[in-house]
Protein chains: 2
Amino acid sequence: MTFNVPNMAKLPGAVRDLIVSYHELNSTTIDELHEEPSPLEFMRYVARNRPFVVRKGAESWTARKVWNAKYLVDVMGRQLVNVAVTPHGNADSVIELEDDGLLFVKPYDTEEPFNKVLEKIQEKERQGIDGPGPTRYAQTQNDNLRNEYMPLFSDLPKDIPFARIALEKSPDAINLWLGNSCSITALHKDNYENIYVQVLGEKHFTLLPPIECACVNEQLIPAATYQPREPATPESPRSPSAASDNSMSSSQVRPAMTHDEVLDDLVVCLDEPEENVPFATWDPDVPSQRATPFSQYSRAMRVTLNEGDMLYLPALWYHKVAQSASSEGICCAVNYWYDVEFSGSFWPLCSLARGVGLLTLGRDPRDGEEDDG
Amino acid sequence: MTFNVPNMAKLPGAVRDLIVSYHELNSTTIDELHEEPSPLEFMRYVARNRPFVVRKGAESWTARKVWNAKYLVDVMGRQLVNVAVTPHGNADSVIELEDDGLLFVKPYDTEEPFNKVLEKIQEKERQGIDGPGPTRYAQTQNDNLRNEYMPLFSDLPKDIPFARIALEKSPDAINLWLGNSCSITALHKDNYENIYVQVLGEKHFTLLPPIECACVNEQLIPAATYQPREPATPESPRSPSAASDNSMSSSQVRPAMTHDEVLDDLVVCLDEPEENVPFATWDPDVPSQRATPFSQYSRAMRVTLNEGDMLYLPALWYHKVAQSASSEGICCAVNYWYDVEFSGSFWPLCSLARGVGLLTLGRDPRDGEEDDG
Ligand SMILES: O=C(O)CCC(=O)C(=O)O
Ligand SMILES: O=C(O)CCC(=O)C(=O)O
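Residues numbered from 1 in each chain as written. Chains lettered and ligands numbered in written order. Predicted model: local features only at pLDDT ≥ 70, side-chain atom pairs only at ≥ 80, totals over all residues. Heavy atoms only, no water.

(A) Highlighting the site of ligand 2. All names here are of chain B. Around ligand 2 lies a shell formed by Tyr137, Trp177, Thr185, His188, Asp190, Asn194, Tyr196, Lys203, His319, Val321, Asn335 and Trp337. Note that an oxygen atom of ligand 2 is positioned 2.7 Å from one of the side-chain N or O atoms of tyrosine 137. Take tyrosine 196: an N or O atom from its side chain is 2.5 Å from an oxygen atom of ligand 2. Here ligand 2, which alone exposes 300 Å², has 99% of that area covered by the protein. For the shell around ligand 2, the secondary structure elements donating two or more residues are strand 9 (185-188), strand 10 (192-200), strand 17 (318-324) and strand 18 (331-339). (Near = heavy atom within 4 Å. Polar contact = N/O pair within 3.5 Å; in protein donor to acceptor, adjacent residues only side chain to side chain. Areas by Shrake-Rupley, 256 points an atom, 1.4 Å probe, with all protein chains shown as cover. Helix = DSSP H or I, 4+ residues; strand = E, 2+ residues; numbered from the N terminus.)

Structure, rendered in structure tokens:
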């Protein structure tokens, strides 16, 4: 196709109109319900792709009644669980290098006994983000409640009836999130209708609708992972830098570092093979940094979930999540992910909005796709 | 805002992707139900903005049981009703002038006694589109069933329960459509969720989803109206052309034309003041004419409504409608229009798709808007 395109200069206006007209037609205050919606009421929200919170919507759940630090340890004991470890509580986030380059850095994923994870989360909460030691966040989004946390799953409903009935689907994943106020989940979006329930502590959500994709400055950035500078096990070979350390004879062997010492010294390593991932680089809480010409039109919706509150976080909404710990020093939530509906017009229209936003910013929406042909 | 836009050449690809990916994710065969949906089932269709037909969904309506030509005349009698009159059955349609220019031509609207309208519709059906006389179509879309056709409204439900409950709205308009096979409604879209019920005869719908806006070649074209060449009443002054006719002395008065004679000679008159209206100029049944580079990706959905069938025609879908008359020579339908939901993301995203489609075709989506500032 060849096109005569005299009006292309008007494209940014079309993108701006999308954002501005959306906010003229929609409130930035979240709807607050005081009991669960019916499937039909829920479907009306899904149809409009609009969030709501049900205050105390999960107050009667067994988890709300019986979960506390001691109970969780009693049930899970020393069972090994996955935990994301980061120096600054920044799992899956953007970091800016000294030369202004950006990296998308993933946490160091390790396994530890549950009782230790919980204790370390509490200890870190007491000492604060500037205290010693890394930040732990149990946040594997891999249906962990029906796998490693199965013993806790019996305190939770198998699904969310209003969502199951409305969407005619079972949840694709049910996840436990266990951390403290040192962790922040960076702004991102998921292909899921998300029912998020706060059990202990508080979560502070910052929400942007999918039509704001031109605001969030999505960029393709190199992926990296936090890695221990030193391997943990005594058996493993010394790292090259240590092996060439002239102050030690080759027969001398430094005492191996403990697992905890290793986690104290995480460094960012570029993934190999190199991979670029598309990620939102704008932070609505630092709006002047890495803004696009459209970020000024963004209108964030902010909501705090208290214990027992339930949030419907619609598919493709950008969300940034901060947390406050309970008096026991932990923050614990669960969520139910239902696959987004790909039929109908929502998915292709959101792809158009993303594509047009990126083109207007001088980028190619297809960069980074598997099939780039 | 100023932009560096090196990737603008990729914009047509984004528009094509929208259309192609929509059709990859959605069928072009309409869903067929055999009983009315529940409000929740209906809401799932509304959420996806997808049509369905309920075969025989209105079979038990009183109108289905008692309406026929004689009954309609018995109830409505000689009551004056609005009727759209056209030479070729083309109310609200695009006509192409000899110089390739386009006009959007509206019917001549007049009032006639109902019994005469019905008789003329039947007569025209017998003689066919090439027979003598104009085509009549009672098609005022102004809630006519709760106004001039009130006597017939008692044979119809006051609203469509599944739609009222799901949408939490009463119908904005309830319309009667009475015509014959000589009338075709040209491709257009409405800001309504539409429940359309066929009572007598058949309707043949050609449907295009809203994301196909770049296919339908929307253009701003001058509005015109069919007008009688001669005024109908003897009292009214002669038209200027007749008055200057030298073959008659000024004292001679031609016998006034009858109302029917006047309607036999309708001519297209440009509206004054001049007005341009945005209208789809592509016809999916004549795909090579007035196509855009995107029309080739269009996938029309076609469905015939038989007597008693009910169609959900979702908001903003383009529809072209042809008809077949019953054995009595009439085609009669009713529809319930519910306002489209402006909150949520559907409306602004459809506006984006329209705007981007028009920009890609070198047009300005704001042309023709009241407030062009
Ligand atoms: O709770 C969090 O830290 C993040 C939650 C999240 O991203 C999600 O539920 O999709
Ligand atoms: O029945 C027709 O001729 C047209 C119907 C229509 O355009 C509508 O229901 O919106």
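Next comes the rest of the account.
(B) Summary view of the interface of chain B and chain A. Tallying the contact residues gives 54 residues for chain B and 54 residues for chain A. Joining chain B to chain A, the criterion identifies six salt bridges. Between the two partners, chain B and chain A, sit 14 residue pairs in polar contact (both at pLDDT 80 or more). Mapped onto the side of chain B that touches chain A, the elements with two or more residues apiece are helix 1 (11-25), helix 2 (39-48), helix 7 (161-167) and helix 10 (346-360) of chain B. (Contact = heavy atoms within 4.5 Å. Salt bridge = Lys/Arg side-chain N within 4 Å of Asp/Glu carboxyl O.)

(C) A look at the site of ligand 1. Residue and element names in this part refer to chain A. In the vicinity of ligand 1, the residues found are Tyr137, Trp177, Thr185, His188, Asp190, Asn194, Tyr196, Lys203, His319, Val321, Asn335 and Trp337. For ligand 1, an oxygen atom lies 2.4 Å from a polar atom in the side chain of tyrosine 196. One of the side-chain nitrogen or oxygen atoms of asparagine 335 is found 2.7 Å away from an oxygen atom of ligand 1. Relative to its unbound accessible area of 290 Å², ligand 1 is 100% covered by the protein chains. Where the shell around ligand 1 is concerned, the elements lending two or more residues are strand 9 (184-188), strand 10 (192-200), strand 17 (318-324) and strand 18 (331-339). Grouping the amino acids of the shell around ligand 1 by side-chain chemistry returns five nonpolar, five polar and two charged. (Nonpolar A, V, L, I, M, F, W, Y, C, P; charged D, E, K, R; others polar.)

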